[in-house]
Amino acid sequence: MYSQFLQSCGFEAEEIRKESSRIDRAFHIAGLGPEDIERAQWRIRKYFDTTLLGVRQSLKIWLKRFTDLVLAREEGRKIIVYPSWPPEPRIVSMVAMASEDVFCETPEIVMDVVLGQIFDKINPVLEAGEEHGLPPGLAMCALNQARLGGIVKGVVPVPDMTITTSFFCDQTPKTDELLHELYGVRNIFLDNCMDAAWDEPVEVAPRCVSYFAAEIRRVIKEFEEAAGVTLSEERLREARAAYARPIFVYQEIMQMLKEADPQPISQVDLGLLYWLIQAPEQKSLKEGLAISNNFAREIKARIESGYGVVAKGAPKIAWFCHHATDPGVMRMVEQTGLAIPVTAVIWTPPWLRIKSEFTTFAERVADQTVRGGINRSTKGIIEFFKRCCKEFNVDGFLYLYFFSCRPICFSALMVKKAIEKELGIPVLALEGDVWDTRSYSVEALKTRVETFAELLRSRKLLEARR
Amino acid sequence: MQAREKLSAHLRSRIIELSELKREGRKVIGYLPGGYMPEELVYACEAVPVPVGLFRGGEHEPVLVAGAYLPRWIDTFCRAQIGYKVLKEEPLYDLIDLLVVPITDNNVRAIADCWNFYTDVEVLRYGVPHAKTENGFRYYLEGLHLLKQKLEKLTGTKITDSRLKDAIRLCNEERRLFQEISLMRKAKCPPLTGREFVELNHASFLIDKGAMVEILRSLCSELSQQESSRPRQPRILLTGSTLALGDYKVYDLVENTGGAIVVAEEFAEGMRHFSAEVSLDGDLMEALADCYFRRRIPPAWFRPARERLDYLIRLSREFDVDGVIWYQLMYRDSYDIESFYFPRILKEETGLSMLKIASDYDASELGPFRTRIETFIQIIRKN
C-alpha cells in the first residue's frame, strides 16, 4: 500500500516486502492513513533532496526507528528506556548498547522528525501533552509535550524507565516525574549544576567534573541494577566512540561547508542526519557512520562540481539549531538567499577539541559536557556563539531561539547584544520554537528574514566597494 | 502591641542604618532568599545580609521594564528583580557589595546572569544540586566553602568556629521563635493572621538579627497571653513558588474579603524556613549544609520532589486546614507541572480541595482572583 512512499524514503523492494506489515501496523497505531501518506510524499518531494543517498538512508532509518518505537512493547522488548532531550548523548549510547534486551529511544525526537517533518501531524500529539499536565500558554516545551503526548495517545508505549539529565533544563525531569505520577514510570535523574562563575566561560573547576562524574557513575549503577545488565569500562568506551565517530564526520562536513561557495546542500537535508546522530539509538549507532560518510562524499562531489542550493557569493549566516518539526523554516531562510554553513548546536568549539586528561568514561564525559559552553553557563553560550560566528566568518547570526526553553530563551538578548557589540555583525533574534510551529509560521517569519537578508546583502556590497 | 511597634520602628530606620553601616566599612551581602544561603556565614564575618529578591515584589512596572533585558517566559519574580535594579527606585539594591546566588533553577540563574551582564555588581554563584544524594550534599557543602572563602576575602574577617557558633546560636534562636509562633496558629483561633505572620517573616530578613530575636521573644510572650473568642474561620494552607515582600494580595483576598485565615505557608523563595535548626556539634560547615540542604523541605525543582508534597499533606493535617491555595508566579514551570498532579494526591490523602492561581504581578488580576478565592472559600466553608 505504501510502497511508493517507502521507495521515496530509500527502501529497497526486498526491505519493503520484509518490513511493510510492521510499518503498516505502526502507522495504524499512530493514526496515519492514506491521506497522511499522500501528504508525506508531497512534503518529501518539496523539502528533501532525495537524489542524495544520505537523505534517502536517513529517511529510511527514521521510519524504521519510528516503527521499532511504536511496536516496542507489542514485539516483546524486555526493557524500554526513554532518555530525554536534551540528552547526555554518550549516556544514551551507553544505554542503547547495553544489551539486546534493552530498547532505548528518545521518543520525542522520533515523533518530531517523523510525525512533524515528514507527516506534518505532530500537533495532535502536542495537544494530548497539553491536556495532561503541560498546558498551553505557560511556555511549556513542545518537546516535552511530544514526550508525554505520544504516550497519552498510545502512539508510543509506556516505558519501564526514563533517564533524564536534570541540570540544563528544569522542565524535562519534571515531565518525567509527571510520567511517574501518571503511569508509574521509574525515573533516573542525572544531576549537575550550571553554576560556573561568569568569568570562567570555558575553564572547568575540578569540583564540577568530580560532581558530574560521580553522578554519571551513580546513574550507571542505578541503570545496571534496574535493567539487570553490567557495563564494563570497555563497553562504555565503545559506546562513547560509537557516538563520536559520526559526529567527527559531521565536523568535517561543516569544515567543507565553511569553505564552500555556493552552499552545496540544504541544511534541511543535513538536519535529518543531525537528529539521527544527536539522538542515537541502536540503529543509528550501527549505521550512522556510514550515512554520515555518504553525506560527506556527496557534498564533496557537489562542491567539486560547483553545485549550489543558494547563489554563489550569498551572505553567510550562523543558525542555532536544526528545526525538528518543520523543514519549511530553514528552507525558507535559504530561499531568501542566505547561506547557512553552520548550525551552532553541533559545532565543536576549540576548547572541546583538546584531548581530555581524564581516563575513565565518567570523568571524560563529565569533563566534555561541563566544558561544552552551552551546558556550562550563559557566558559559556555567548562565548560559544561568538567563536562559532568568528570561525565560520559569517555575515550575520539568525538566532531563532526557543521561547519555551528557559535556558536558551533567557540568554537570547544577551547573546544578541554581545555578538553585535564584540563582533560587529548583525544578529536577528527571532522568538520561535523548533519543536512546535503553532505559535508562528514560515510566512510570519519570512518578512523579517527577507529584510535581514537584504541588510546582509547591502553590507556585503558596501564592504566589497571599500 | 509593643513588639509590633518596635518592629515597625526598626523597619523604618533600617535603610538609613544600612547606609551608615556601609559608610563605616561593613560589607552588604545581597542574596536570593531561596533558603540556600546560610546567613550565619555572613554574620560570622561581620557583614550584613540583605535579600535582594525579597525587598519588593508584587508590582507590575519592574516586570514590564525587565522586558528589555530578557524575554517574558521567565518567572515573574525573577524578572522583577532585574526591573527593580534598572528602575533604581530601591536604594537597597544599590548598597550591595556582593550578590550571592545559589543556583537552583534556570529562573534564578537568569537573575545572576542579568546582574552580571548588565551591572557592575560582583556575583558569586554556587550550585544547589537537585537531589538529596550524598554526591549532591558534598557538592553543596563545597559551594558553602566557596562562599566562606569569598566572604572572608571580601570582609578581611576570618570566619572562626567561635564566630560561626555565635551566629548559628543567634539564627537558631530566631528559627525556634518563628517555629513557636507558627505553631500557635494550630489553635482554633490563631492569635495572628496569616498576613501578620508573613510580614513578620519578611521583616526578619531585613532588620538586625539581634533586634529581631528580641522582638520575637516579646511577641511570643504577648501572643501566648492573648485570648480570642472569634468563631472558627475556614483555614487555608498557602503554598507556591515565591512570596515576595509586598506581594500580599492573596492574603488580603483570603483574610479580608473571603473571611478565611491562612494558618500555614510553604514557599520556595521569599519566606524564611524555620523548621530545622543547625547543629552545634561536629563540623559546623557540614552542620550548615545538613540544615540548609539535607533537612530543608525541597522546592519543586528537586527531582523527585515528592518530599515537599508529602510535607504539604502533613501540614494540612497538623494545621487542620480546610483547603489549599497554590499561589505561583507565571512561567515557573516546575510548579506548573506539579500543580497538575498534586490536587489528586491531596484529595486522596486528605479529601481537601486545591485552588491554583498564577500571577504576573498585574493589577488587573485582582478581580478574577477575588472571584475565584471567594468561590473557593464558599465551597470549602460548606464542606
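Just so it is clear, the model here is predicted, and its values are computed rather than measured. Numbers given for residues are sequential positions, taken from 1 along each chain in its written order. As they are written, the chains are lettered A onward and the ligands numbered 1 onward, keeping that order. Reporting in this predicted model follows two pLDDT cut-offs: at least 70 for local features of residues, and 80 or more for side-chain atom pairs to be given and counted; totals over whole chains, interfaces and linings ignore these cut-offs and use all residues. Side-chain measures here rest on the full set of heavy atoms in the structure, leaving out hydrogens and waters.

### Brief notes about the side chain of B:Asp322
Residues and elements named next belong to chain B. With respect to the element layout, Asp322 can be found in the loop between helix H12 (306-318) and strand E7 (323-329). Polar contact is the term for a pair of N or O atoms within 3.5 Å; when the atoms are in protein, one must be able to donate a hydrogen and the other to accept it, and sequence-neighboring residues count only if both atoms are side-chain atoms. Polar side-chain contacts of Asp322 include one of 3.0 Å to the side chain of Arg232. Apart from the residues within four sequence positions on either side, Asp322 is in contact with Arg232, Gln233, Pro234, Arg235, Leu352 and Ile380. The secondary structure listing takes helices from DSSP runs of H or I that are at least 4 residues long and strands from runs of E that are at least 2 residues long, numbered from the N terminus. Whether two residues are in contact is decided by their heavy atoms: any pair within 4.5 Å suffices.

### So, the confidence of the model for chain B
Known as pLDDT, the predictor's confidence for each residue is given on a scale from 0 to 100. This prediction gives chain B a mean pLDDT of 94; 98% of its residues lie at or above 70. Here the predicted complex carries an ipTM of 0.94, next to a pTM of 0.95.

### Considerations on the nonpolar core
Here, nonpolar core refers to any group of buried Ala, Val, Leu, Ile, Met, Phe, Trp, Tyr and Cys residues whose side-chain atoms link them within 4.5 Å. Relative accessibility thresholds used throughout: buried, under 20% of the residue-type maximum; exposed, over 50%; partly exposed, between the two (1.4 Å probe, protein chains only). Counting 318 residues, the largest nonpolar core has A:Phe5, A:Phe223 and A:Trp435 as its most contacted members. With 11 residues, the top contributor of residues to this core is helix H11 (residues 233-259) of chain A.

### Side note on the environment of B:Gly57
Residue and element names in this part refer to chain B. Within the element layout of this structure, Gly57 appears in the loop between strand E2 (48-51) and helix H3 (61-66). Sequence separation between Gly57 and Gly351 is 294 residues; the distance between their C-alpha atoms is 33 Å. Not counting residues up to four positions away in its chain, the partners in contact with Gly57 are Tyr84, Ala244, Leu245, Gly246, Asp247 and Tyr361.

### A closer look at a nonpolar patch on the surface
The grouping of A:Val158, A:Leu182, A:Tyr183 and B:Phe340 at the surface amounts to a nonpolar patch, some 290 Å² of accessible area in total. Examined against the element boundaries, B:Phe340 turns out to sit in helix H13 (residues 333-350). Patch members must show over 30% relative accessible area and no salt bridge, and they are joined within 9 Å when carrying like charges or within 5 Å when they are nonpolar side chains of Val, Leu, Ile, Met, Phe, Trp or Tyr. Accessible surface area values rest on a Shrake-Rupley calculation with a 1.4 Å probe, where residue burial reflects the displayed protein chains alone. What counts as a salt bridge is simple: a side-chain nitrogen of Lys or Arg found within 4 Å of a carboxyl oxygen of Asp or Glu.

### Considering the packing of aromatic side chains
Any two of the Phe, Tyr and Trp rings considered here, Trp counted by its six-membered ring, make a pair once their centres fall within 6.5 Å; the pair's planes then place it as stacked at under 30 degrees, edge-to-face at over 60, or tilted in between. Taken as a whole, this structure holds 39 aromatic pairs over all chains when the rule is applied. Seen in terms of ring centroids, A:Phe385 and A:Phe397 are 5.0 Å apart; in terms of plane orientation they differ by 45°. Their pairing is tilted. Taken together, the positions of A:Phe385 in helix H17 (residues 378-391) and A:Phe397 in strand E7 (residues 396-402) put the pair 12 residues apart, joining distant regions of the chain. Both residues of the pair, A:Phe385 and A:Phe397, belong to the buried class. Consider the rings of A:Phe402 and A:Trp435, whose centres lie 5.5 Å apart with planes at 65°: the pair is edge-to-face. One end of the pair, A:Phe402, is in strand E7; the other, A:Trp435, is in the loop between strand E8 (427-432) and helix H20 (442-465), with 33 residues separating them in the sequence. Each of the two residues, A:Phe402 as well as A:Trp435, counts as buried. Over a ring means this: the NZ of a Lys or the CZ of an Arg is within 6 Å of the ring centre and within 35 degrees of the ring normal. Across from the ring centre of B:Phe197, 3.9 Å away, lies the NZ or CZ of B:Arg185, which sits over that ring. Across from the ring centre of B:Phe137, 3.7 Å away, lies the NZ or CZ of B:Arg294, which sits over that ring.

### Concerning the sheet that holds strand E6 (residues 261-269) of chain B
Residue and element names in this part refer to chain B. Pairs of strands are assigned from DSSP output, requiring at least two bridges between the strands. Spatial ordering of the open sheet is given by E6-E5-E7-E8, a layout of four strands whose pairing is parallel. Both edges of this open sheet fall to E6 and strand E8 (353-359), since each of them pairs with a single strand only. This sheet shows a mean twist of 20° between the axes of neighbouring strands, independent of strand direction. The sheet contact formed by strand E5 (residues 235-242) and E7 spans five bridges and is parallel. What sits directly across from Leu237, in E7, is Val324. To obtain each axis, a line is fitted to C-alpha atoms, and for helices this fit is confined to the stretch in contact; angles are then taken between N-to-C directions over 0 to 180 degrees.

### Some thoughts on the environment of A:Glu281
Structurally, A:Glu281 is set in the loop between helix H12 (267-278) and helix H13 (282-305). On a C-alpha basis, the gap between A:Glu281 and A:Val152 in space is 23 Å, while along the polypeptide they are 129 residues apart.

### Here's the deal with the pattern of salt bridges
Applying the stated criterion across every chain yields a total of 89 salt bridges over all chains. Among the ionic pairs, A:Asp367 bridges to A:Arg371, the shortest N-O distance being 2.7 Å. Taken as a pair, A:Asp367 and A:Arg371 lie in helix H16 (residues 361-371) at a separation of four residues, close to a single helical turn. Relative accessible area serves as the criterion here: at 7%, A:Asp367 is assigned to the buried category. Note on A:Arg371: relative accessible area 7%, which makes it buried. Measuring nitrogen to oxygen at the nearest pair gives 3.0 Å for the salt bridge that ties B:Arg176 to B:Glu180.

### Quick word on the sheet that holds strand E3 (residues 161-165) of chain A
All names here are of chain A. In spatial order, the strands read E2-E1-E3-E4; together these four strands make up an open sheet with parallel pairing. For this open sheet the edge positions go to strand E2 (102-104) and strand E4 (186-190), each flanked by a neighbour on one side alone. The mean inter-strand angle of the sheet, taken between neighbouring strand axes irrespective of direction, is 20°. Note: strand E1 (residues 79-83) against E2, three bridges, orientation parallel. Residue pairing for E2: Val81 is matched across the bridge by Cys104.

### So, the packing of helix H3 (residues 34-47) of chain A against helix H6 (residues 107-118) of chain A
All names here are of chain A. With their axes 9 Å apart at the nearest point, H3 and H6 run at an angle of 90° to one another. In terms of orientation, H3 and H6 fall into the roughly perpendicular class. Where H3 approaches H6, its residues Ala40, Arg43 and Ile44 are matched on the opposing element by Gly116, Gln117 and Ile118. Residues are grouped as follows: Ala, Val, Leu, Ile, Met, Phe, Trp, Tyr, Cys and Pro are nonpolar; Asp, Glu, Lys and Arg are charged; all remaining types, including Gly, are polar. Across the contact of H3 with H6, the residue classes break down as three nonpolar, two polar and one charged. Each angle receives one of four descriptions, namely roughly parallel if under 35 degrees, roughly antiparallel if over 145, roughly perpendicular if within 65 to 115, and oblique otherwise.

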